[in-house]
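# A closer look at the structure
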Amino acid sequence: MADIKGSTGRAAALHRRAAATATAAATVLDDTRPIPADQRRQYELTDRLRRAAETLAPGWAGDALESLTPDVPSGDEVPAFVRVGTAGPLDDARFPALVPLPGTGHLVIDTDVRDQRVAGLLRAVLLRLLAASPAGSLLVRAVDGSAGTLRHVSAAAPVPVASGVSAPGVADVTSDPSVEGRAGGPPCDARSRPAADVPTAGQGVPASGKTTGGSGRASTGPSDGSGRAPAEPAGDPAGGPTGSGARVSPASSGGAGPVAERTSGTFAGFAPLADAGLLPPPATDSAGLRAVLSEAEQWVASGTARQRRHDRTMLLVIAALPVGVEPNDLARIEALARCGHQAGLHLVVAGWPPSAAGHPPPADATDTTRDGTPRSHATDPNSVSRDTVRTGAPALPYATEIAIRNAYALLGDPPGTSFAGPGAEPPTGLNAPVLVEEDPPVELVEAVCRRLARRVAAGAQLTLATLLPPADAPRWEASSATGLATVVGDADGRAVTLGLTELTPHWLISGRPGSGRADFLTNVLFGLAARYGPDEMLLHLVDLADSESFTEFLQTRRDRSWVPQVATAALAADREYVQALFGHLETELRRREEAGHRAGGQRFVELRQHRPLPRIVCVIDNVSLLFRDGRPGHRPGQRDRLGADLAGRLETLARAGRAYGIHLVLAGEGDLGLGAGAASRDSVLGQFPVRVALPGGGAVLEPTNDAAAGLAVGSAVVNTAGGLGGPRGATRGHERMVRFPDPLDDPAALAALRRDLWAARPAGSSPPVVFAGYARPVLGNDPCYRAAVGGRTRTPAALLGRAVDVSRTTVSVPLVPAAGRNLVVLGTGPESASLLSSAVRSVAAHHRSGSARFVVAALTRSAEDAAAALAAELATRHTVETVDLSGLLAVLDDDRPGYLVLFGADGPGGVPDGPLRALLRDGPPGGRHVLGWWRSASAFGALLDPEDGVGKVASVLVIDVPASQLTPIVGRSVQWSPRPGRALLWEGPDGPGTVLVPFAADGDGESA
């Protein structure tokens, strides 16, 4: 029995000796590097790599941390590369070691943050990414299973180790003389000793050596090759050593002298970001890990990835896996790594593979290459990764690996590429040791985080003033010669400016109702008006819906100020109004083209050198209504004749206007009605490179561009490449997500701005011509009527209403001694009788008191009251006769000049066609005019001579008669859709007729 025990003891001792020797040998091999074949070439290559790093990762992403201060500005986007350390093929030949992360893949470290070097590296990488990115563009979610166990200390502050307990990563080999004093290899951080001690090419590391003072120097690197350092051992509560005096030298904190302990976890210095929503408190247990994984899965899931903000990137940092992690949790991490990089989710995982950390491998683990493709170990045993060989667990897909060694780290290949030359056998990686990033000073971390939090908070408090020039800046000093530009919103603390130039001449803006479309337009227009005076810019504003998009630019009853750049404005406009506006712009376009031709083919910029010429901006909201005829059977994409005409004119203006300072801004829902076929998209949409997608407005972007999905109200995607998208999750230079304020949050400030602009208007400026489609004009307020009452007109005329056009022209029918100078009103309801009454009143106003004779006949019972009221009013100034049917027959034979007013000319019994036809044809040259109302279009049509046509008989005012009933009267098809508050005046065979808003009945209508 004694012999058996003795043999067992000797075998155990030999085993311990062999294990210690193998560990020491592995450490020596890790620290030993081959001598470069050509050191001159190494210097040249290092210099090239250093310059490349400066280009790929400038500023916060790659500069040395000691050279950076909190006021160093962020970049324009989340950096594609980030520095993880310094690579040194030679002692004096070093370059920044960069890894691709955002937009490419993930970062994996084989040791978790219980190794202080890894904790410092994570904090450095996180600081770099946050500080280099625009405020708010990088969201961080963290997991720290080691929270509460770490202390952030400097290399000068030794960590006590209890008597009889080995320091982390130290093998019990001191009984072997061959490794006496070595105790686990070189110090954990080569930066805590002279540079000559750092293992470099051409230098070996002795197998044994003496530590200062004879005590063994412990390493925070692994002793078993697993890559994971155990938790910090317990020590004397007072902080001093209790036994052997062995000390551990953790990573330097980057500052001199003692550094405050971070007892609250790895990410304590980033606490200011919590309230800004950029880095909530990290999860510390398995339940918290699962919640973070669920949020990350929602970010990348096919059903919800479309709802994220495309210009935001999510970074999931796992500092240490918590206790209680199950195989399914690890499988979820692997699945996120496999697909997350395509959806703007990137992982930084410390302590992977999990088997090295004592966690079970993923339940469905499949070993993969770094580009995510599965490996087949049976057919190619040489393709197994280093991590798989070491632990049996798979590498994380699409990840760059960092393997922590005692004095340095090994940097693996990035996803999809290799640092090695062609033909190199795996495993490859960067062929130079890397000194990982030092832990940044606490003061720097906190200062940067406070700055980011302030910027995010400031972005959440946007006001219209933030989009305008400074209040003390001179008014209207900007020139529009080369274009217009204004700030449209804020993108993570940076103002985003959009221009109306020859390269970006026209905009499309889309958003569902309630998306803030009117707010966005108001911001843009006030921004332009604050920068460019009326001699530099003119505005034409149109809203086709019953909304109030542009009321803030116009006069009101309480405030008579207006924005002086606004030439015309239309609220609840008709399609015919836009048709007239396009005609007005086409006329101006031809005038500018002719001026350019006379000047030798000059365009707008050259013309501006010789003559004042403002740029013209036409803004149309709810533009999709242009292409709908309003009939119940209208189908999407279907266009009537008017809609087709408008589409053609729109295309003409879009193509030719850009060269002559005429710009279009079209806004509405969906595709704005412009996507009615491929030809339309190619011809019209191609002229609109600027696309602004508000919530629900993704249709103006390319079908593959989902950037606008899930936008919040008050935000928009601004795209300057015709809606072109890009890889999901990648930052796009031609696209920004902006936030914009609600200008009506402070109505007093908005009114003050309007009054300031109004006060600065040039002398003699006129207010804008406003067409309000929902309002009815009043005869008594009409300037032509007032001129008639004042005796300033010579030709009598029937005033009917205001034309649906840009200048709001008064529509009239002159009643001169000429054929066809009669007025016929066609309509079935009381509106027709009211319109006839106002027309007759206007005729009476053109005559001096007592100089005109009126005969009023009510031939239908429903019109008797209207006829009596009109006769009574006319009798106060003129001679009036009221007759019935029998009296009317006598009047038809009377040759005296006068006006015959017929209410219900096709009433029961009717007027004989012969005498009435003769009066319509022959009466006007002799001063006898008919002003009559017919309820039936066919009854009036029976009076017409087919050879003469309606133009030789009367001007026809149509109220509610459909176009099909007008065709027999006018001799051709008519583009007319009856609708409340509108009428069509047809005066002859030429032209489409004039759509007008009739004068309102007494007591109704607008006041001005």
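What you see is a predicted model; the values in this text were computed from it and never measured. (Residues numbered from 1 in each chain as written. Predicted model: local features only at pLDDT ≥ 70, side-chain atom pairs only at ≥ 80, totals over all residues. Heavy atoms only, no water.)

### Things to note about empty space enclosed by the protein
Enumeration according to the criterion identifies 11 cavities of 30 Å³ or more in this entry. Here the second largest cavity is characterised by a volume of approximately 100 Å³. Taken together, Arg853, Val855, Val891, Asp894, Arg896, Pro897, Gly898, Tyr899, Leu900, Leu919, Arg928 and His929 make up the lining of the second largest cavity. Elements that contribute at least two residues to the lining of the second largest cavity include exactly strand S26 (853-858), strand S28 (898-903) and strand S29 (928-934). Broken down by class, the residue content of the lining of the second largest cavity amounts to 6 nonpolar, 2 polar and 4 charged. (1 Å grid on protein atoms, 1.4 Å probe; cavity = no way out; pocket = protein on both sides within 12 Å on 5 of 7 lines; lining within 4 Å. Points joined across faces, edges and corners; volume = space filled by probe spheres on them. Helix = DSSP H or I, 4+ residues; strand = E, 2+ residues; numbered from the N terminus. Nonpolar A, V, L, I, M, F, W, Y, C, P; charged D, E, K, R; others polar.)

### Describing the pairing of strand S25 (residues 823-826)
Alternating residues of S25 divide into Leu823 and Val825 and Val824 and Leu826, and every residue in both groups is buried. Across 4 bridges, the pairing between S25 and S29 is parallel. When the sheet's bridge partners are listed, Val825 is paired in S29 with Trp933. Two strands pair when backbone bridges link them, and S25 and strand S30 (residues 955-958) are joined in this way by 4 bridges, in the parallel orientation. Among the inter-strand pairings, Val824 is bridged to a residue of S30, identified as Val956. (Buried < 20%, exposed > 50% of the residue type's maximum accessible area, 1.4 Å probe, protein only. Pairing = 2+ DSSP bridges.)

### Thoughts on the sheet that holds S30
An order of S24-S23-S32-S31-S30-S25-S29-S28-S26-S27 is seen for the 10 strands of this open sheet, with the pairing classed as mixed. Bordering the open sheet on either side are strand S24 (810-814) and strand S27 (879-883), each of which pairs with just one other strand. The sheet shows a mean angle of 25° between the axes of neighbouring strands, direction not considered. Both S26 and S28 contribute to a ladder of 5 bridges, which runs parallel. Within S28, the position partnered with Phe854 by the bridge is Tyr899. (Axes fitted to C-alpha atoms, helices over the stretch in contact; angles between N-to-C directions.)

### As for the pattern of salt bridges
Note on pairing: side chains with opposite charge can pair once their charged atoms come close. One pass over the full model with this rule turns up 39 salt bridges. Between Asp559 and Arg754 there is a salt bridge, and its shortest N-O distance comes to 2.9 Å. One end of the pair, Asp559, is in the loop between strand S15 (537-543) and strand S16 (566-571); the other, Arg754, is in helix H13 (residues 747-759), with 195 residues separating them in the sequence. Here Asp559 and Arg754 have matching classes, each one buried. The closest approach of N and O atoms between Glu873 and Arg841, which form a salt bridge, is 2.6 Å. Placement of the pair is Glu873 in helix H16 (residues 864-874) and Arg841 in helix H15 (residues 830-845), with a sequence separation of 32 residues. Judged by relative accessible area, Arg841 falls into the buried class, the value being 16%. (Salt bridge = Lys/Arg side-chain N within 4 Å of Asp/Glu carboxyl O.)

### A short note on the packing of helix H8 (residues 517-531) against H13
Their axes nearest at 11 Å, the elements H8 and H13 cross at an angle of 35°. Here H8 runs over H13; the crossing is left-handed. Side by side, H8 and H13 meet where Phe526, Ala529 and Ala530 of the first sit next to Leu750, Leu753, Arg754 and Leu757 of the second. (Left-handed = near helix turned anticlockwise from the far one by under 90°. Contact = heavy atoms within 4.5 Å.)

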